[in-house]
Amino acid sequence: MRSVSASSPSARIKFWGTRGSIAVPSQDTLLYGGNTTCVELRADGEIIVLDAGSGIRPLGIALDREFQARPIRLSLLITHAHWDHIQGFPFFKPAYDSKNEIRIFGFDGAGATFREIMTEPMKSPFFPITMRELSAKMDINKLNEMKFSLGKLDIHAAFVNHPGVCVGYRILTSGGSVAFLPDHEPYEFFLHAARGKQLSPEQTKQIAADQHAALVQFLRGSDILILDSQYTDQEYERHIGWGHGSISSAVSLALESEVQTLVLFHHDPNHDDEMVDGMVESARELVIKSGSDLEVAGAQQGSEILLEAKKIAAA
Ligand SMILES: [Zn+2]
Ligand SMILES: [Zn+2]
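Residues numbered from 1 in each chain as written. Chains lettered and ligands numbered in written order. Predicted model: local features only at pLDDT ≥ 70, side-chain atom pairs only at ≥ 80, totals over all residues. Heavy atoms only, no water.

**Q** Please clarify how the overall build of the protein should be interpreted in this entry.
**A** On a plain count of helices and strands, the protein comes out with seven helices and 15 strands. Radius of gyration (C-alpha) of the protein: 19 Å, near the 20 Å computed for a compact globule of 315 residues. By its C-alpha atoms, the protein is 55 × 50 × 40 Å across when sized along the principal axes. Here the protein, with 315 residues, has 53% of them falling under the buried criterion. Partitioning the intrachain contacts of the protein with sequence separation of at least 6 by distance along the chain shows that 70% fall at a separation of at least 24. Within the protein, one finds 29 positive and 40 negative side-chain charges whose respective centroids are separated by 7 Å. (Helix = DSSP H or I, 4+ residues; strand = E, 2+ residues; numbered from the N terminus. Rg over C-alpha atoms; globule rule 2.2 N^0.38 Å. Buried < 20%, exposed > 50% of the residue type's maximum accessible area, 1.4 Å probe, protein only. Contact = heavy atoms within 4.5 Å. Lys, Arg positive; Asp, Glu negative; His and termini not counted. Charge placed at Lys NZ, Arg CZ, Asp CG, Glu CD.)

Okay, structure coming up:
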């Protein structure tokens, strides 16, 4: 791992879990990683954790080691209630230590409050320790606003195209802005908000176009875009309506939003390292064809992005 102490960056992103759907530890996933969604962002004195998939477990161990007797204060932002984004929380070691303060933020889900989303999976018979029994100072905050701040950081949220309620976050740091959309399907092929509604094809098309334009506006000029690109274009044709994106849709959203770096994320559990390598390559070819200088990387578990250098350090 590259040391970050020499030219202390304004912001540092570390990927603790990059996988979508379910954890897949294997010899064939060592490079991109087997843990589900969890990304750490350190910026302007804050520790922000994005989602609590199984990758939050090794993050907890690393924080414990780093802070030792000092208290850990962090904010956990949850995008949505699907298992691959919350399942690691009961194994987050800092939650079991009374010196630590953990603030958790997210929106009410479809048919469940945000508090229920975080606490119900830890109740019997699903888990032996309830949220209330955790020793850390825990604060579960339901978000109502699409713009809020944590310390010096301004944070924007946007609802995205995914089954149920799911958001993306954009965090504005002094070193640049980071957009995190781990689960998102391109609006033009399937509109999740139209499910169960009596909309004409024209109405659906119009809403999809409006939502897409709003999302481009939300992302515009981000330094880093961490984006759902679970499927190859061929696979996506068989998974329309599943809530995830493809390589070409990810590249086109990044180009349209004029972001600096696109990080392909939420790798499919059926894709081994070789497959993801090929997908990163095909995304880069699309960028070259477009004549843009957009940088493309595949999120690798254990890798870091330093926002000043905007380079991915090898694990
Ligand atoms: Zn997911
Ligand atoms: Zn999901």
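**Q** Would you take a moment to explain the coordination of the zinc ion (ligand 2) for this structure?
**A** Tetrahedral coordination by four donors places them ideally at 109.5 degrees to one another around the metal; octahedral coordination by six donors ideally gives 90 or 180 degrees. Taken together, His80 (NE2), His82 (ND1), His162 (NE2) and Asp183 (OD) make up the protein donors of the zinc ion (ligand 2), found 2.1 to 2.6 Å from the metal. Classification of the site at the zinc ion (ligand 2) rests on its four donor atoms, whose angles at the metal span 88 to 170 degrees, yielding the label irregular. All donors of the zinc ion (ligand 2) belong to a single chain; written as a sequence motif, their spacing is H-x1-H-x79-H-x20-D. Here the zinc ion (ligand 1) and the zinc ion (ligand 2) are spaced 3.4 Å from one another, each receiving a donor from Asp183. You can see His82 sitting in the loop between strand 4 (73–77) and helix 2 (83–86) and its partner Asp183 sitting in the loop between strand 10 (176–181) and helix 4 (201–219), a full 101 residues away along the chain. (Donors = N, O, S within 2.8 Å, 3.2 Å for Na, K, Ca; no water. Tetrahedral: all angles 85-135°; square planar, octahedral: opposite > 155°, others 65-115°.)

**Q** Whenever I open this one, the coordination of the zinc ion (ligand 1) confuses me. Can you help?
**A** Bound to the zinc ion (ligand 1) are the protein donor atoms Asp84 (OD), His85 (NE2), Asp183 (OD) and His266 (NE2), situated 2.1 to 2.2 Å from the metal. The coordination sphere of the zinc ion (ligand 1) comprises four donor atoms, whose angles at the metal cover 90 to 167 degrees; the geometry is irregular. Counting residues between consecutive donors of the zinc ion (ligand 1) along the chain gives the motif D-H-x97-D-x82-H.

**Q** Sorry if this is basic, but what is going on with the state of the cysteines here?
**A** Here a disulfide denotes one covalent bond, and it connects the sulfur atoms of two cysteines. Tallied over the full model, the rule gives zero disulfides. Free cysteine: Cys38, not disulfide-bonded; nearest cysteine sulfur from Cys166 at 16 Å. A relative accessible area of 0% means that Cys38 is categorised as buried. (Disulfide = S-S within 2.5 Å.)

**Q** What's the story with the sheet that holds strand 13 (residues 295–298) in this structure? I'm lost.
**A** Either a parallel or an antiparallel arrangement is found when strands of a sheet pair, and the pairing is made through backbone hydrogen bonds. Across the sheet, which stays open at both edges, the seven strands sit in the order 7-8-9-10-11-12-13 with mixed pairing between neighbours. On the outer flanks of this sheet lie strand 7 (147–150) and strand 13, each paired with one strand and no other. The mean inter-strand angle of the sheet, taken between neighbouring strand axes irrespective of direction, is 20 degrees. Bridge analysis of strand 10 against strand 11 (residues 224–228) gives four bridges, and the strand direction is parallel. Bridging from a neighbouring strand, Phe180 pairs with Ile226 of strand 11. On the sheet, helix 6 (residues 247–256) packs against strand 11 and strand 12 (261–265) and is oriented at approximately 155 degrees with respect to strand 12. (Pairing = 2+ DSSP bridges. Axes fitted to C-alpha atoms, helices over the stretch in contact; angles between N-to-C directions.)

**Q** Looking at this structure, I do not really get helix 1 (residues 56–67). What am I missing?
**A** One turn of the α-helix equals 3.6 residues, which is why residues spaced by three or four share an orientation. Taking 1.5 Å per residue, 12 residues should reach 16 Å; helix 1 reaches 16 Å between its end C-alpha atoms and fits that length. When helix 1 is considered as a whole, its buried residues turn out to be Ile56, Leu59, Gly60, Leu63 and Phe67. Angular distribution of buried residues about the axis of helix 1 spans 100 degrees; they occupy a single face of the element. Elements that come into contact with the buried residues of helix 1 comprise strand 1 (11–17), strand 2 (38–43), strand 3 (46–50) and strand 4. Once helix 1 finishes, Gln68 follows within two positions and takes phi at roughly 45 degrees, a positive value. (Expected span 1.5 Å × (residues − 1). Arc of directions from axis to C-beta.)

**Q** Sorry, what's going on with helix 7 (residues 273–290) here?
**A** Counted at 1.5 Å a residue, the expected span for helix 7 with its 18 residues is 26 Å, and the 26 Å between its end C-alpha atoms agrees. Among the residues of helix 7, Asp273, Val276, Met279, Val280, Ala283 and Val287 are the ones counted as buried. For helix 7, the angular spread of buried residues about the axis comes to 120 degrees, placing them on one side. Opposite the buried face of helix 7, at more than 90 degrees from it, the exposed residues are Glu274, Ile288 and Lys289.

**Q** Please clarify how the pairing of strand 10 should be interpreted in this entry.
**A** A regular strand places its side chains so that they alternate between the two faces of the sheet. Among the six residues of strand 10, six are classified as buried, and the element is accordingly described as predominantly covered. The alternating pattern of strand 10 places Gly176, Val178 and Phe180 on one face and Ser177, Ala179 and Leu181 on the opposite face, and all of these are buried. Where strand 9 (residues 167–173) meets strand 10, five bridges bridge the pair, whose relative direction is antiparallel. Bridge assignment links Tyr169 to a residue of strand 10, and that residue is Phe180.

**Q** What exactly am I supposed to notice about the packing of aromatic side chains here?
**A** Two aromatic rings are characterised by how far apart their centres lie and by the angle between their planes. Counted under the stated rule, the structure contains seven aromatic pairs. Consider the rings of Phe105 and Phe148, whose centres lie 6.1 Å apart with planes at 20 degrees: the pair is stacked. With Phe105 in strand 5 (residues 101–106) and Phe148 in strand 7, this pair connects stretches of sequence that are 43 residues apart. A relative accessible area of 15% means that Phe148 is categorised as buried. (Phe/Tyr/Trp six-rings, centres within 6.5 Å; stacked < 30°, edge-to-face > 60°.)

**Q** Which parts of the structure should I look at to understand the environment of Ala209?
**A** Take Ala209: it is sitting in helix 4. Residues Ala209 and Gly111 lie 98 residues apart in sequence; the distance between their C-alpha atoms is 27 Å.

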